[in-house]
Amino acid sequence: MISREQNELMTRIGPGTPAGRLLRRYWQPVALVDEMQGERPVKAVRLFSENLVLYKTAAGYGLMQRHCPHRGADLAYGRIEADGLRCSFHGWKFDATGKCVETPAEPAGSRLCEHIRTVSYPVVEKSGILFAYLGEGAAPAFPHFDCFVAPDAYTFAFKGYWDCNWLQALEVGIDPAHASWLHKYFEDEDTAASYGKQFRGVPADSDLPISKVLREYDRPEIRVERTEYGMRLQTLRRISDAQTHIRVTNILFPQAFVIPMNAEMTITQFHVPVDDTGCYWYSIFTSFAGPVDKKTMREQRLKSYPAPDYRPVFNRENSWGFNADEQKSKTFTGMGFDINIHDQFACESQGPIADRTKENLGSTDKGIVLYRRILLDCLKKNEEGQTPLMVLDESKAEQLKGPITVDGIGPTDGMDQYWKESDEKRRKQSSWGGENPPKSRAA
């Protein structure tokens, strides 16, 4: 049972909070690279309860406090220049480090700018996402996971806003049992038209639609184990004495999961706090087969999460698109066919911050229980000045590869070997994946 104090400890992420201090020790997605195209690449962003401005110059990206340290004018409306951002109020100019480099309204010879600096954070580009480091000291190294090492043509990035706390958004991905219910479709579509759609294709080594597997085999066996990067989950659905369906999914500490999109593509999804009661999910889709059809993937997702804010077309205000007639015959939820909306409903309907003191967890929640233990342990370590899980130096980052994700049907008596061989086979057939064999041992 989670106490009220523990719930507050895990969910509150504002400046000065233990969870805020912990999460700031990791690179955090701040925007899609797609959002910074066009003639004026300047964007107001809110991250970890801080109001910031992101901009791009010929020298790279800058991220700094949104309000000018002179008299507080909004820098999101500043003038972008080749080497910095200039405030529209008095012309003060700042470089990417937050240093004021010009105060043109001041008298000639003034050295005022030498003493002015605003809050700024470093930004790097990875696989279509801009990551920022909001913590103190040196930033950690990025692990050599598939989503970060795959060639650009084999990845695609997207995001969407959810009106709830980051933790409940993450926890939907640590709950494998819900897929048989929340994402239940009463009819199976043509799997040949499943590109870009989750739970509409076929598992590896099978011609059985995954929608049928989830619908008809809805009491899975779930196994969880700690790993060097967080947690691995195995979800087993016994099809027959001879065959079992397995999904291998992962939690990358502190706030991402890696799951199979289908037999040939993975999803690495980060859950990034805007503040205590809102978050964005950022997904990197990584293909082991051919290059990603980014145009199709983008068009599919923009229908539910349109630019420029990527806020959903269905939400609390319109009951997540609920349709009672659809619920009778087409989907278990009655909320359409986009599983992101299903997950959004499940998370947002818990309230802005879920009250975990009222939960009654079952055996299928063992992944959530283990993650909360890991989170609380890392919160304690960080507050005591120790290094928490996944704050990596480059040597350790190079060793972390993969992680393995699998969606396949194999021999019931050989599952422990099947999922490893399935991943190895996929990598060997890939034009790039064979260069990144992951470790499969537990922590």
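Rules behind the numbers
Residues numbered from 1 in each chain as written. Predicted model: local features only at pLDDT ≥ 70, side-chain atom pairs only at ≥ 80, totals over all residues. Heavy atoms only, no water. Patch = residues over 30% accessible without salt bridge, like charges linked within 9 Å, V, L, I, M, F, W, Y side chains within 5 Å. Areas by Shrake-Rupley, 256 points an atom, 1.4 Å probe, with all protein chains shown as cover. Salt bridge = Lys/Arg side-chain N within 4 Å of Asp/Glu carboxyl O. Helix = DSSP H or I, 4+ residues; strand = E, 2+ residues; numbered from the N terminus. Pairing = 2+ DSSP bridges. Axes fitted to C-alpha atoms, helices over the stretch in contact; angles between N-to-C directions. Phe/Tyr/Trp six-rings, centres within 6.5 Å; stacked < 30°, edge-to-face > 60°. Buried < 20%, exposed > 50% of the residue type's maximum accessible area, 1.4 Å probe, protein only. Lys NZ or Arg CZ within 6 Å of the ring centre and 35° of its normal. 1 Å grid on protein atoms, 1.4 Å probe; cavity = no way out; pocket = protein on both sides within 12 Å on 5 of 7 lines; lining within 4 Å. Points joined across faces, edges and corners; volume = space filled by probe spheres on them. Nonpolar A, V, L, I, M, F, W, Y, C, P; charged D, E, K, R; others polar. Contact = heavy atoms within 4.5 Å. Core = buried A, V, L, I, M, F, W, Y, C linked by side-chain atoms within 4.5 Å.

Caption draft 1: Representation of a nonpolar patch on the surface in the model. Taken together, the side chains of Trp181, Phe186 and Phe332 present a nonpolar region at the surface, about 260 Å² in accessible area. Mapped onto the fold, Phe332 is located in the loop between helix H7 (324-329) and helix H8 (339-348).

Caption draft 2: Just the sheet that holds strand S10 (residues 123-126), in detail. An order of S1-S11-S10 is seen for the 3 strands of this open sheet, with the pairing classed as antiparallel. Both outer strands of the open sheet, strand S1 (28-32) and S10, are each paired with one neighbouring strand and no more. For this sheet, the mean inter-axis angle between neighbouring strands, taken without regard to orientation, is 35 degrees. Where S10 meets strand S11 (residues 129-132), 4 bridges bridge the pair, whose relative direction is antiparallel. Looking at the pairing, Val123 lines up with Ala132 of S11.

Caption draft 3: Representation of the packing of aromatic side chains in the model. Tallied over the entire structure, the rule returns 21 aromatic pairs. Aromatic side chains Trp181 and Phe332 sit 5.6 Å apart centroid to centroid with 65 degrees between the ring planes, which places their arrangement in the edge-to-face category. Of this pair, Trp181 sits in the loop between helix H4 (166-171) and helix H5 (210-216) while Phe332 sits in the loop between H7 and H8, placing them 151 residues apart in sequence. Classification of Phe332 as partly exposed rests on a relative accessible area of 35%. Between the NZ or CZ atom of Lys159 and the centre of the ring of Tyr280, over which it lies, the distance is 4.4 Å.

Caption draft 4: Molecular detail of the sheet that holds strand S5 (residues 79-81). With antiparallel pairing, the 4 strands of this open sheet are ordered in space as S5-S6-S7-S8. Strands with a single pairing partner mark the edges of an open sheet, and in this sheet they are S5 and strand S8 (100-102). The pairing of S5 with strand S6 (residues 84-86) spans 3 bridges and is classified as antiparallel. The residue bridging Glu81 from the neighbouring strand is Gly84, located in S6.

Caption draft 5: Representation of empty space enclosed by the protein. With the rule as written, the count across this model stands at 4 cavities of 30 Å³ or more. Roughly 250 Å³ of volume is contained in the largest cavity. Lining the largest cavity are 18 residues, with Tyr26, Trp27, Phe253, Pro254 and Phe270 sitting closest to its centre. Of the residues in the lining of the largest cavity, the class split is 16 nonpolar, 2 polar and no charged.

Caption draft 6: Summary view of the layout of surface pockets. Of the volumes computed, that of the largest pocket is approximately 860 Å³. In terms of lining, the largest pocket is formed by 44 residues, of which the most central are Gln198, Phe337, Asp338, Ile339 and Asn340. At the level of secondary structure, the elements contributing two or more residues to the lining of the largest pocket comprise strand S15 (230-238), strand S16 (243-252), strand S17 (256-260), strand S18 (265-275), strand S19 (278-287), helix H6 (294-302) and H8. The greatest single-element share of the lining of the largest pocket, amounting to 4 residues, is contributed by H8. Residues of the lining of the largest pocket, tallied by class, amount to 19 nonpolar, 14 polar and 11 charged. Of the voids in this model, the second largest pocket is the one considered here, and its volume is about 360 Å³.

Caption draft 7: Region of the structure containing the environment of Cys378. For Cys378, the position within the fold is in helix H9 (residues 366-383). Sequence-wise, Cys378 and Leu130 are 248 residues apart; in three dimensions their C-alpha atoms are separated by 25 Å. Not counting chain neighbours up to four residues away, the residues in contact with Cys378 comprise Leu22, Phe253, Pro388 and Leu389.

Caption draft 8: The nonpolar core, seen in detail. If you look at the biggest cluster of nonpolar residues, it comprises 85 residues, and the most contacted ones within it are Val30, Leu63, Trp162, Trp166, Phe253, Tyr371 and Leu375. Counting residues per element, this core draws most heavily on H9, at 7 residues. Once residues within four sequence positions are removed from consideration, Trp166 is found in contact with Met10, Thr11, Ile13, Leu23, Pro254, Gln255, His271, Pro273, Cys279, Tyr371 and Leu375. By size, the runner-up hydrophobic cluster in this structure holds 14 residues, among which are Ala76, Cys87, Trp92 and Phe94.

Caption draft 9: Just the pattern of salt bridges, in detail. Summed over all chains, the structure comprises 38 salt bridges. In this structure, Lys93 engages Asp83 in a salt bridge whose closest nitrogen and oxygen atoms are separated by 2.6 Å. Of this pair, Lys93 sits in strand S7 (residues 93-94) while Asp83 sits in the loop between S5 and S6; the two residues are 10 residues apart in sequence, bridging distant segments of the chain. You can call Asp83 partly exposed: its relative accessible area is 47%. One salt bridge in this structure joins Lys294 and Asp152, with 3.3 Å as the shortest N-O distance. One end of the pair, Lys294, is in helix H6; the other, Asp152, is in the loop between helix H3 (146-149) and strand S13 (155-162), and 142 residues separate them in sequence.

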